[in-house]
Amino acid sequence: MNLPAISVVIPTYEREEALRATIADVLKQDYPNFEVIVVDQTKTHQSETQAYLEELAKAGKILWYRLDWASLPGARNYAVRRATGDIIYFIDDDVEMPVDCLKNHAHNYMKNPEIGAVAGRVFDRMKLADSQREKPGDNYTIEYLPPQAMDPGIAWYYIDLVHTTKPQQVITARGCNMSFRREIFTKHGLYFDERFRGSAVREESDFCLRLRKTGYKIWYDPEAFLVHLGEETGGCHDISTRSLKYQITFYHNHFLMGMKNLTIDQQLRLFYRLFDCHVLGRPPCHKSGSPLKIISRAGFYSLGFFKALGTVIQSNWNNGQIYTKQDLVKE
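Anyway, here's the lowdown on the structure attached to this text.

Structural notes on the packing of aromatic side chains
The geometry of an aromatic ring pair comes down to the distance between the two centres and the angle between the two planes. Counted by the stated rule, this structure contains 22 aromatic pairs. When the centroid spacing of 6.4 Å and the interplanar angle of 20° are considered together, the rings of Tyr 246 and Phe 250 count as stacked. With a gap of four residues between them, Tyr 246 and Phe 250 both fall in helix α7 (residues 244-261), about one helical turn apart. Accessibility classification places Tyr 246 together with Phe 250 in one group, the buried group. Taken together, the aromatic side chains of Tyr 246, Phe 250, Tyr 251, Phe 255, Phe 271, Phe 275, Tyr 301, Phe 305 and Phe 306 make up a single cluster linked through ring pairs. When the ring centre of Tyr 78 is taken as origin, the NZ or CZ atom of Arg 82, which lies over that ring, is 3.5 Å away.

What follows is the structure, encoded as structure tokens:
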């Protein structure tokens, strides 16, 4: 059986022990043909991490690229331009992987040429406390997602890649466990939009919505699972979710995804659900109903909308791919 070559991409920022453990899990994969690309945006590592990465790079076990800027979509694009695999597989720098994770991703592409992307199952560490089963998870499971999970206007409040147990077509993947055919980037010219800021929330959803226009399917495989540790420090996010920058970019990114990809009707439904859930705090968000907090969140919501509108207007003369442009100039 000729298994496709896989490029495993690990963008990393300000992570130490979790990054080392993630790389170790990747290197243990029961798969004959893969490369590991670490796109490192950390200015200064701890000595143990620095020595570990240097040793692996010198031995040819990883390709280690160090950058002087930090952008998750920018790091993904940087890796794509250097990847050689038939399949490009993205994970976070704080995950635990079973040894057959790469194999399970690859088998989907081999079985069905209509599959352009595989969304793996993601077990978040916070959901594992009550797990007693062989595979991690909690006691709540569902077999098939409801029809609303394929509706671009409201799917984001119905898609659940933690508890779903049956393989099926989905509208998006989660950024910590997703793979794509190489030709999605080379033949169809897709790229991750570097205008998604801060935590880069919704950057993978934006990419997947554009991918669907190529005619390829995004396939969810619960067997291609990993555990996302959700480390409290490092990663692509501002560690303070209460910060002004985090709040504004959170809403900016949601509005940007909608304005770029959705019809007017779909946008209105998305923006309403965004307000209902994240501003008013209704389920599934379950936020405080304090009038002061609602007013505060409404302010961030409004600022995020106008920021996204400005981004869309600016795109008429600037597509915002600043890190890609810097990289291409150097080449």
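That covers the picture; the talk isn't over yet.
With respect to the side chain of Thr 164
Note that Thr 164 resides in the loop between β6 (115-124) and β7 (168-169). The class of Thr 164 is buried, set by a relative accessible area of 0%. In this structure the side chain of Thr 164 is engaged in a polar contact, spanning 2.5 Å, whose partner is the backbone oxygen of Asp 160.

Description of the packing of helix α1 (residues 17-27) against helix α2 (residues 47-58)
Running from N to C, α1 and α2 point in directions that differ by 25°, and their axes come no closer than 10 Å. Judged by the angle between their axes, α1 and α2 are roughly parallel. As α1 runs across α2, the sense of the crossing is left-handed. Contact residues: α1 offers Leu 19, Arg 20, Ile 23, Ala 24 and Leu 27, while α2 offers Glu 48, Thr 49, Tyr 52, Leu 53 and Leu 56. By residue class, the composition of the contact of α1 with α2 is seven nonpolar, one polar and two charged.

What about the nonpolar core?
In a soluble, globular protein the nonpolar side chains are often hidden away together inside. Counting 57 residues, the largest nonpolar core has Phe 90, Phe 180, Phe 185 and Leu 211 as its most contacted members. Per-element tally for this core: the top contributor is α7, with eight residues. Ignoring any residue separated from it by four or fewer positions in sequence, one finds Phe 90 in contact with Val 9, Arg 76, Val 80, Gly 175, Cys 176, Asn 177, Met 178, Phe 180, Phe 185 and Phe 192. Counting residues in each nonpolar core, the second largest holds 25 residues, with Tyr 31, Ile 87, Tyr 89 and Leu 226 among its members.

Side note on the packing of helix α6 (residues 203-212) against α7
Two elements in contact, α6 and α7, have axes whose closest approach is 9 Å; the angle formed by their N-to-C orientations is 10°. The pairing of α6 with α7 is recorded here as roughly parallel in orientation. Residues Ser 205, Asp 206, Leu 209 and Arg 210 of α6 touch α7, and the partners they reach there are Met 257, Lys 260 and Asn 261. Of the residues assigned to the contact of α6 with α7, the class counts are two nonpolar, two polar and three charged.

Focus on a nonpolar patch on the surface
On the surface, a nonpolar cluster with roughly 470 Å² of combined accessible area is contributed by Phe 306, Leu 309, Ile 313 and Trp 317. With respect to the helices and strands, Trp 317 occurs in the loop between α9 (291-314) and α10 (322-330).

With respect to α2
In a regular helix each residue adds 1.5 Å, so twelve residues correspond to 16 Å; α2 covers 16 Å between its end C-alpha atoms and thus fits that length. Buried residues in α2 make contact with α1, β2 (34-40) and β3 (63-66). Looking one or two places after α2, you find Gly 60, whose phi comes out positive at around 80°.

The rules behind these values
Residues numbered from 1 in each chain as written. Predicted model: local features only at pLDDT ≥ 70, side-chain atom pairs only at ≥ 80, totals over all residues. Heavy atoms only, no water. Phe/Tyr/Trp six-rings, centres within 6.5 Å; stacked < 30°, edge-to-face > 60°. Helix = DSSP H or I, 4+ residues; strand = E, 2+ residues; numbered from the N terminus. Buried < 20%, exposed > 50% of the residue type's maximum accessible area, 1.4 Å probe, protein only. Lys NZ or Arg CZ within 6 Å of the ring centre and 35° of its normal. Polar contact = N/O pair within 3.5 Å; in protein donor to acceptor, adjacent residues only side chain to side chain. Axes fitted to C-alpha atoms, helices over the stretch in contact; angles between N-to-C directions. Parallel < 35°, antiparallel > 145°, perpendicular 65-115°, else oblique. Left-handed = near helix turned anticlockwise from the far one by under 90°. Contact = heavy atoms within 4.5 Å. Nonpolar A, V, L, I, M, F, W, Y, C, P; charged D, E, K, R; others polar. Core = buried A, V, L, I, M, F, W, Y, C linked by side-chain atoms within 4.5 Å. Patch = residues over 30% accessible without salt bridge, like charges linked within 9 Å, V, L, I, M, F, W, Y side chains within 5 Å. Areas by Shrake-Rupley, 256 points an atom, 1.4 Å probe, with all protein chains shown as cover. Salt bridge = Lys/Arg side-chain N within 4 Å of Asp/Glu carboxyl O. Expected span 1.5 Å × (residues − 1).

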